[in-house]
Amino acid sequence: MIEIQNLTKHFGPVTAVANLSLTVRPGEVLGFLGPNGAGKSTTMKMVTGYLAPDDGSVRICGHDIVSDTLAAQRTLGYLPEGAPAYGEMTPRGFLSFIAHVRQLAGEEARLAMQRAIAGAELKAVLDQPIETLSKGFRRRVGLAQAILHDPDVLILDEPTDGLDPNQKHAVRDLIRGMARDKTIVISTHLLEEVEAICTRAVIIDQGRIVADATPAELAARAPSGRLDDVFRQITTRDTAVAGAAA
Amino acid sequence: MKFLWPVFAREFKSYFATPLAFVFIMIFLFAMGAFTFYLGHFYDNGVADLSVFFGYHPWLYLFLVPALAMRLWAEERRSGTMELLLTLPVPLWATVLGKFLAAWAFAGLALLLTFPIWITVNYLGNPDNGVILASYVGSFLMAGAYLSIGACISSATSNQVIAFIVSVVVCFLFTISGSSLVLDVVRGWAPLSLVEAVSSFSFLVHFAAITSGVIDLRDLIFFFSLIGLFLYANTLIVDWRKGG
């Protein structure tokens, strides 16, 4: 469960996120959409406790991210933008570090790693330095890191960016498989992805929510019935300004 | 401890994942030897002690320790792992302290590997091993102080070269703040108490006190509070500059 109330963030004169409120419940897979610079990543950074909000609050499974940061972060799996990882480490070493940091030990850690490695299909590259891996494998290492402790809340910033169609398919299957009892938010540019796995689509523009509905409902708003037409229609009237903010 | 250990262990191992550890230790030992035997005329002095050896430590640390510290945070910032690290359920103080202790332990390892010179001097004569032990402790503390400065500066930038150069300059000021080069600048306008305060920050003065064989509580407090101060600043900078 994620409860976002009146979340606001300014960077100097630019308002990146403006008074954003949103509740995501277990079982929902929320597709977070918007043009570049709309405030998607900034929102995710605040929800995961990386950036402090200027105003408003975020609660993860009932824990306030600012006043009860560690408890909130414990229930959270996060794939940051660009899937950063320590390049000199192997996926095995990296995941074992994440397991230690998350206070998993012994059998529990071993099973968690096994599950994450199988889920992200990392078996073939377990002992190669991460910096030598292809973009697709690096993304999957980041994904494995996020799901390692079987978190209640998953926040994935562009989880399928850089993957080939087969890998995209596999990651979507993985997300769909976890969706039943988890709260999942994914940001993406791929509207087909939203139609494939999301139960709800939220479009933001200039830090504000401009649409919030199921993908099918949204698509029905355009005469063509296509989601990308709706997306363009909703977000283009002030693209020039949004582009400058990016 | 449960938070500190994983951060410490990862950071310490990362030195050995690349040739960095090997290169650093080789250069450290080579430079120590070269300074002591060639510049310091270790054999010609005819005295069985290591004061020449320890006398060069501040100057070697001045360049080598910032090289060790520069990547601590700048690299995390540049590669984006900062965001990963700081959204893991670990308190910020534990992350800052764990990384610092890993670098300090590595510096300690390099220092320990200078033991052949201790064997040499014991073979050649009868040195005061108490003084040598005190000097090693002092050298290790001083390395920690240089490291805390380097770590703090590294946390303010994503550029390792900038982190290195600024750290060397700041470390240099702390090293020589007891010398006339710095004190003459202050003496012209500042009250005597300030001049004394500035000179009391000198690493050279505190280190020289310890290498004379006396581990004075005041020198220990000086190095530990300096480390504490810079690590606290490190924490503030990381927290404040997360978004940038």
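All values derive from a computational prediction rather than experimental measurement.

Chemist: Would you mind going over a nonpolar patch on the surface with me for this structure?
Modeler: Residue and element names in this part refer to chain B. A surface patch of nonpolar side chains, amounting to about 650 Å² of accessible area, comprises W59, V161, I165, V169, F172, L173 and L181. For the nonpolar patch, the element with the most residues is helix 10 (residues 160-176), which contributes five residues. With respect to the element layout, V169 can be found in helix 10.

Chemist: Hey, could you run me through the domain arrangement of chain A in this one?
Modeler: By a widely used convention, the size of an interface equals the accessible area lost when the partners come together. All names here are of chain A. By domain assignment, chain A separates into domain 1 (2-75 + 152-245) and domain 2 (86-150). When each unit is reduced to the centre of its C-alpha atoms, the spacing between domain 1 and domain 2 is 25 Å. Contacts between the two partners involve 17 residues from domain 1 and, on the opposite side, twelve residues from domain 2. Counting the surface domain 1 buries against domain 2, the share from its top three residues, D161, Q167 and L174, is 30%. Summed over the shared surface of domain 1 and domain 2, the result is three salt bridges. Taken together, domain 1 and domain 2 are joined by four residue pairs in polar contact (both at pLDDT 80 or more). At the level of secondary structure, the elements contributing two or more residues to the side of domain 1 that touches domain 2 comprise helix 2 (69-74), strand 7 (153-157) and helix 6 (165-178). Ranked by the residues each element gives to the side of domain 1 that touches domain 2, the list is headed by helix 6, at five residues. Among the residues forming the side of domain 1 that touches domain 2, the class breakdown is eight nonpolar, three polar and six charged.

Chemist: Please explain helix 11 (residues 180-187) of chain B as it appears in this structure.
Modeler: Every α-helix winds through 3.6 residues per turn, so residues three or four apart in the chain are directed the same way. Residue and element names in this part refer to chain B. Along helix 11, the residues that are buried comprise V182, L183 and V186. Viewed end-on, helix 11 has its buried residues packed into an arc of 95 degrees, placing them on one side of the element. Opposite the buried face of helix 11, by more than 90 degrees, sit the exposed residues L181 and V185. Packed against the buried residues of helix 11 are helix 10 and helix 12 (192-200).

Chemist: I keep staring at the interface of chain A and chain B and nothing clicks. Help me out?
Modeler: Tallying the contact residues gives 23 residues for chain A and 24 residues for chain B. In total, chain A and chain B occlude about 2,200 Å² of area from one another, counting both sides; carbon and sulfur atoms represent 67% of this. Our count for the contact surface shared by chain A and chain B stands at two salt bridges. A salt bridge links K45 of chain A to E83 of chain B; its shortest N-O distance comes to 3.1 Å. Elements supplying a minimum of two residues to the side of chain A that touches chain B: helix 2 and helix 3 (91-101) of chain A.

Conventions we followed
- Residues numbered from 1 in each chain as written.
- Chains lettered and ligands numbered in written order.
- Predicted model: local features only at pLDDT ≥ 70, side-chain atom pairs only at ≥ 80, totals over all residues.
- Heavy atoms only, no water.
- Patch = residues over 30% accessible without salt bridge, like charges linked within 9 Å, V, L, I, M, F, W, Y side chains within 5 Å.
- Areas by Shrake-Rupley, 256 points an atom, 1.4 Å probe, with all protein chains shown as cover.
- Salt bridge = Lys/Arg side-chain N within 4 Å of Asp/Glu carboxyl O.
- Helix = DSSP H or I, 4+ residues; strand = E, 2+ residues; numbered from the N terminus.
- Domains from an automatic or database assignment.
- Contact = heavy atoms within 4.5 Å.
- Buried area = accessible area lost by both parts, 1.4 Å probe.
- Polar contact = N/O pair within 3.5 Å; in protein donor to acceptor, adjacent residues only side chain to side chain.
- Nonpolar A, V, L, I, M, F, W, Y, C, P; charged D, E, K, R; others polar.
- Buried < 20%, exposed > 50% of the residue type's maximum accessible area, 1.4 Å probe, protein only.
- Arc of directions from axis to C-beta.

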